[in-house]
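# Fold and geometry: a report
For reference, the chains in residue letters:
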Amino acid sequence: MLLLADQWKDYELIDMGNGEKLERWGKYVLRRPDPQVVWPMESEWALWKNPHGHYHRSNKGGGQWEHKKKYPEQWTISYKNLKFYIKPTGFKHTGLFPEQAANWEWSMDKIKNAKRPIKVLNLFAYTGGATVACAAAGAEVCHVDASKGMTTQAKENLHLSGLGDRKVRFIVDDVVKFVEREIRRGHKYDAIIMDPPSYGRGPKGEVWQIEDKLFDFVNLCMKVLSDKPLFFLINSYTTGFSPIVLENVLQTTIGKKVKGGTIYGGELGIPASRDGKILPCGIFGRWESK
């Protein structure tokens, strides 16, 4: 299954080729590397040569932005009624993954149609795209990420979207330790979203390696699921991981715990406006109640 994030107005994937992509974020055009783009550029036309910012990778790892035209340190873009800050970082990222809009739409739809109060646990929650989407749909959300900076930006995104009065808890913590504490407290959630990195460290140096830890962590999360779960969503950008891996993890955890429900996985993609080619942008696995 391929899901396209094709309802954006403030974001556009313009073109791609030679390991790079050209994107419009609101009024500003950025040129960034992307390892999935292994085909050649058809032509390096004017906008390729003159974006606002061009990220160059360094041979020593990391890289830096070349500012070709003036653009601010941060600006805002909208997805329907949701608003987000865009802040280009020294690691080529902008603070938002636009392909996730396909998952936001699905989560919002599930929450709105549940016809009951829904509590969502968003783990490895980054700058809170899913947090803002779920809060906008009326859910109570607990947002957990090990990075203080990302969590601060998530709070800013919530207020920017006019949702500052919604029930949202922001927690800076190692996700495994947080879930273990929630189990001891007896707290339960109707929906869980997680976007585990391939490799990461918690605030106190806790090491996360996805192939070693994913199954055990999803299994641990079964203990904070409510008696009437609504959905469970896993995203992954780990190179070499197939959506079938995520389906199998869900099958052997929530699939065993909860009777009924549907499990499926797939890829996320964004179509380029110049020629319609699809940029693959990670994978997902979903369990949803019937």
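Residues numbered from 1 in each chain as written. Predicted model: local features only at pLDDT ≥ 70, side-chain atom pairs only at ≥ 80, totals over all residues. Heavy atoms only, no water.

### A word on the sheet that holds strand β3 (residues 20–25)
Threshold: Strand pairing follows a simple DSSP-based rule, namely that at least 2 bridges must link the two strands. In DSSP terms, a helix is any run of H or I states spanning at least four residues, a strand is any run of E spanning at least two, and both are numbered starting from the N terminus. Fitted lines through C-alpha atoms serve as axes, helices being fitted only where they are in contact, and the angles separating the N-to-C directions of these axes extend from 0 to 180 degrees.
Taken in spatial order, the 5 strands of this open sheet run β2-β3-β4-β5-β6, and their pairing is mixed. Pairing within the sheet leaves two strands with one partner each, and these edge strands are β2 (11–17) and β6 (63–67). The average angle at which neighbouring strand axes cross in this sheet is 20 degrees, direction not considered. Pairing analysis gives 6 bridges linking β2 to β3, with the strands arranged antiparallel. Across the sheet, the residue bridging to Glu12 is Arg24, located in β3.

### As for the layout of surface pockets
Put simply, the rule is: Lining residues are those with an atom within 4 Å of a point, where the points come from a 1 Å grid over the protein atoms alone and group into cavities, where a 1.4 Å probe fits but cannot get out, or pockets, open sets with protein on both sides within 12 Å along at least five of seven lines. Grid points are joined across faces, edges and corners, and a volume is the space filled by probe spheres set on the points. Note that Gly is not counted as nonpolar here; it falls among the polar residues with everything else outside the nonpolar set of Ala, Val, Leu, Ile, Met, Phe, Trp, Tyr, Cys and Pro and the charged set of Asp, Glu, Lys and Arg.
Roughly 160 Å³ of internal volume is contained in the second largest pocket. Residue lining of the second largest pocket: Lys119, Val120, Glu140, Val141, Cys142, Lys167, Val168, Arg169, Glu182, His187, Lys188 and Tyr189, and that is the complete set. Within the residue set of the lining of the second largest pocket, elements represented by two or more residues are β9 (119–123), β10 (140–145) and β11 (168–172). Per element, the largest residue contribution to the lining of the second largest pocket is 3 residues, and it comes from β10. Across the lining of the second largest pocket, the residue classes break down as 5 nonpolar, 1 polar and 6 charged.

### Examining the sheet that holds β9
The following threshold applies: Contact criterion: two residues are considered in contact whenever any of their non-hydrogen atoms come within 4.5 Å of each other.
Pairing in this open sheet of 8 strands is mixed, and the strands run β1-β16-β17-β15-β12-β9-β10-β11 from one edge to the other. Of all the strands in the sheet, just β1 (2–4) and β11 have a single pairing partner and so form its edges. On average, each strand axis in the sheet is inclined to that of its neighbour by 20 degrees, with strand direction left out of account. Of the strand pairs in this sheet, β9 and strand β12 (residues 191–194) are connected by 4 bridges, and their pairing is parallel. The residue of β12 that forms the bridge with Leu121 is Ile192. Those strands touched by helix α5 (residues 175–185) are β9, β10 and β11, and its axis lies near 150 degrees from that of β9. Its contacts with the sheet place helix α6 (residues 210–221) against β9, β12 and β15 (231–236), and it is angled at close to 170 degrees to β12.

### Brief notes about the packing of aromatic side chains
How we decide: The aromatic pairing rule takes the rings of Phe, Tyr and Trp, using the six-membered ring of Trp, and pairs them if the centres are within 6.5 Å, calling planes under 30 degrees apart stacked, those over 60 edge-to-face and the rest tilted. Per-residue accessibility, obtained with a 1.4 Å probe over protein chains only, is compared with the maximum for each type, and a residue is labelled buried under 20%, exposed over 50%, and partly exposed between these values. Working rule: Lys NZ or Arg CZ, within 6 Å of ring centre, within 35 degrees of ring normal, means a charge sits over the ring.
Counted by the stated rule, this structure contains 16 aromatic pairs. Judged by centre distance (5.7 Å) and plane angle (75 degrees), the rings of Tyr79 and Trp104 are edge-to-face. Here the residue Tyr79 occupies a position in strand β7 (residues 75–79), and Trp104 occupies one in helix α2 (residues 101–113), the gap between them amounting to 25 residues. Per residue, the accessibility class of Tyr79 equals that of Trp104, and both read buried. Following the ring pairs from residue to residue traces out a cluster consisting of Trp8, Tyr11, Trp25, Tyr79, Phe84 and Trp104. We note Lys87 situated over the ring of Tyr85; from NZ or CZ to the ring centre the distance is 5.8 Å.

### Structural notes on the pattern of salt bridges
Under the convention used in this document: By convention in these notes, a salt bridge is any Lys or Arg side-chain nitrogen within 4 Å of a carboxyl oxygen on Asp or Glu.
Evaluated as defined, the whole model comprises 21 salt bridges. For Arg24, the salt bridge is made with Glu12, and the minimal N-O distance between the two is 3.0 Å. You can see Arg24 sitting in strand β3 and its partner Glu12 sitting in strand β2, a full 12 residues away along the chain. Judged by its relative accessible area of 22%, Arg24 falls in the partly exposed class. The partner of Glu20 in a salt bridge is Arg31, and the shortest N-O contact between them spans 2.7 Å. Linking Glu20 in strand β3 with Arg31 in strand β4 (residues 28–33), this pair joins segments that are 11 residues apart in sequence. The class for Arg31 is buried, based on a relative accessible area of 7%.

### Quick notes on the packing of α5 against α6
To keep it simple, the criterion reads: Each angle gets one of four labels, with under 35 degrees taken as roughly parallel, over 145 as roughly antiparallel, 65 to 115 as roughly perpendicular, and the rest as oblique. Crossing handedness follows the turn of the near helix against the far one: under a right angle anticlockwise gives a left-handed crossing, and clockwise gives a right-handed one.
It is the contact of α5 with α6, at a shortest axis distance of 10 Å, that shows an interaxial angle of 25 degrees. The orientation of α5 relative to α6 falls into the category roughly parallel. In this structure, α5 crosses over α6, and the sense of that crossing is left-handed. Where α5 approaches α6, its residues Val175, Val176, Val179, Glu180 and Ile183 are matched on the opposing element by Phe217, Leu220 and Cys221. Residues that form the contact of α5 with α6 fall into these classes: 7 nonpolar, no polar and 1 charged.

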